[in-house]
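The chain contents come next:
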Amino acid sequence: MKKIWPMILIIIVFVSSCVIYLPPPDNYPPPTSETYSEYSLDYFYDYLAEYGYWLYQPPYGYVWIPEVNLVRWRPYSYGYWVWTDFGWTWISRFDWGWATFHYGRWGWSPDIGWFWVPGDIWAPAWVVWRYSRYYIGWAPLPPSVRFDLRIGLTSLPSSLPAEYWIFVDNNYFLNSRLHRYILPVERNLTLVRKTSLRARLEVRNQVVHNRGLDKYIVEQDTQKKVRKYELTERNSPGTTRVRINNVEIFRPKVKLSSTSKPKRVVEKEKIKNKIEQEEIIVSGEQKSVSNPQELEKVHQEEKKLLEQSHQIELRALSKELKEKKAQACTPQEQKQVEESYRQKIRVVTQEHEQEKKKLIKRQEEEKKKVVRQKTKKVKKKEKKKRIE
């Protein structure tokens, strides 16, 4: 019996030395059932009034239009993406981004442009995705798409307008200056056809997660490791902060009320007139373009991005052609492959030409608008001098 005890002790020491720590899986973040301060809908009304306009828009009720609702601006265009416990999280550069990109939905109207409908459910981003080997796109979920906190999305956006989408080449997706690489909207119609829809808004521990875009695919495409950030709470509203491995964001509990209303509501006609009179701005930035020289720089950048995107697509087709020809077993098969890809390249080249024409047309209209704005300003100054 005495001989057995040393053996038992040796086995215990060996087994204990093999015990390892297994961290919780990435798919199951810790519960987030903390008690946050509850805010009424009036808080949205008061806070956002400083940054835009409230108006009544059936059937949604009171909606908000940001001060930056100008010709080029689109939701989820001025900021960047990070990966958190809750999936892809939008980091807005606006002071009001904590509210409008994480609660409620964005809609669009020909009369008033982009508008925000308040909501009480927080999400890392209310967007759906499109993906291909070369492009990543995202678009805001419209108010018409229903969501249930118990089960997630109850319907899918079958056909969002092409203008809703924002596309970048995959290589730029993790860039913190993402707005500089957004492709011109004229490219959207083509890219919507060439990408697949990814919509995956899930509910875990009563919190929405956005994992529609696989982070491992992003790592593979960008050749970069996707850093995981931990979401921490801010006690007051303002711009979301990213510090080392933390994202500090204000996300209070919100209680909707049918009796709440904004203190100041603007007539729709005033908004329409204001939008028509606004100057052109750089896509996603709060920097107005007030003269032809500045606008020319913006237009040249757009042309450059469009041309780069076209070249990437053509190089990819040429590469595929060589690979398929190498796999062909007979000269006849090689010839068929070559004819097939030559036809594809011709079709793609025609699409590129159409996109360039649309871009040039839109840019010409913007040039005229800037000139008109400049003329109005000059006349206004002259009138002021005469009065003085």
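Residues numbered from 1 in each chain as written. Predicted model: local features only at pLDDT ≥ 70, side-chain atom pairs only at ≥ 80, totals over all residues. Heavy atoms only, no water.

*Asks:* Explanation requested: the packing of aromatic side chains in the structure shown.
*Replies:* For any pair of aromatic rings, the description rests on two quantities: the centre-to-centre distance and the angle between the ring planes. Taken as a whole and judged by the stated rule, the model has 37 aromatic pairs. Cation over ring: Arg105 sits above Trp126, and NZ or CZ is 4.9 Å from the ring centre. In this structure, Lys344 packs its charged tip against the face of Tyr341, placed 4.4 Å from the ring centre. (Phe/Tyr/Trp six-rings, centres within 6.5 Å; stacked < 30°, edge-to-face > 60°. Lys NZ or Arg CZ within 6 Å of the ring centre and 35° of its normal.)

*Asks:* Help me understand the sheet that holds strand S8 (residues 127-131) in this model?
*Replies:* Strand pairing in a sheet relies on backbone hydrogen bonds. The paired strands run either parallel or antiparallel. With antiparallel pairing, the four strands of this open sheet are ordered in space as S12-S9-S8-S13. Both edges of this open sheet fall to strand S12 (166-169) and strand S13 (196-198), since each of them pairs with a single strand only. Across the sheet, the axes of successive neighbouring strands diverge by a mean angle of 25°, strand direction being ignored. In this sheet, strand S9 (residues 135-140) lies alongside S8 in antiparallel orientation, the contact comprising five bridges. Among the inter-strand pairings, Val127 is bridged to a residue of S9, identified as Pro140. (Pairing = 2+ DSSP bridges. Helix = DSSP H or I, 4+ residues; strand = E, 2+ residues; numbered from the N terminus. Axes fitted to C-alpha atoms, helices over the stretch in contact; angles between N-to-C directions.)

*Asks:* Quick question: what am I supposed to make of the side chain of His209 here?
*Replies:* Considering the arrangement of structural elements, one finds His209 in strand S15 (residues 207-210). In this structure the side chain of His209 is engaged in a polar contact, spanning 3.0 Å, whose partner is the backbone oxygen of Val207. (Polar contact = N/O pair within 3.5 Å; in protein donor to acceptor, adjacent residues only side chain to side chain.)

*Asks:* Mind showing me how you'd approach the pattern of salt bridges here?
*Replies:* A pair can form between side chains of opposite charge whenever their charged atoms are brought close. For the coordinates displayed, the defined rule picks out 25 salt bridges. The partner of Asp85 in a salt bridge is Lys228, and the shortest N-O contact between them spans 3.1 Å. In this pair, Asp85 is assigned in the loop between strand S4 (79-84) and strand S5 (87-92) and Lys228 in strand S16 (residues 228-233), connecting sequence segments 143 residues apart. Judged by relative accessible area, which is 34%, Lys228 ranks as partly exposed. Residues joined by salt bridges that share partners form a network here, namely Arg187, Arg193, Lys194, Glu313, Glu351 and Glu355. (Salt bridge = Lys/Arg side-chain N within 4 Å of Asp/Glu carboxyl O. Buried < 20%, exposed > 50% of the residue type's maximum accessible area, 1.4 Å probe, protein only.)

*Asks:* I keep staring at unusual backbone geometry and nothing clicks. Help me out?
*Replies:* Backbone geometry follows two general trends: most residues other than glycine have a negative phi, and most peptide bonds adopt the trans configuration. A cis amide bond, omega 0°, links Pro58 with the succeeding residue Pro59. You can see Pro59 is positioned in the loop between strand S2 (52-57) and strand S3 (61-66). Even without being glycine, Asn205 reaches a positive phi, approximately 55°. Following the sequence through the fold, Asn205 ends up in the loop between strand S14 (201-204) and S15. Exposure remark for Asn205: the relative accessible area of 42% places this residue in the partly exposed category.

*Asks:* How do you make sense of the pairing of S12 when you look at a structure like this?
*Replies:* What you see with S12 is no split at all: Ile166 and Val168 on one side and Phe167 and Asp169 on the other are buried throughout. Pairing between S9 and S12: four bridges, direction antiparallel. Within S12, the residue paired with Gly137 across the bridge is Phe167.

*Asks:* Is there a simple way to explain the environment of Trp96 in this structure?
*Replies:* Looking at the secondary structure, you find Trp96 in the loop between S5 and helix H3 (97-100). Separated by 141 residues in the primary sequence, Trp96 and Pro237 have C-alpha atoms spaced 7.8 Å apart. Residues in contact with Trp96, not counting those within four places in the same chain, are Tyr47, Leu48, Tyr51, Trp64, Pro66, Val68, Trp73, Phe101 and Trp106. (Contact = heavy atoms within 4.5 Å.)

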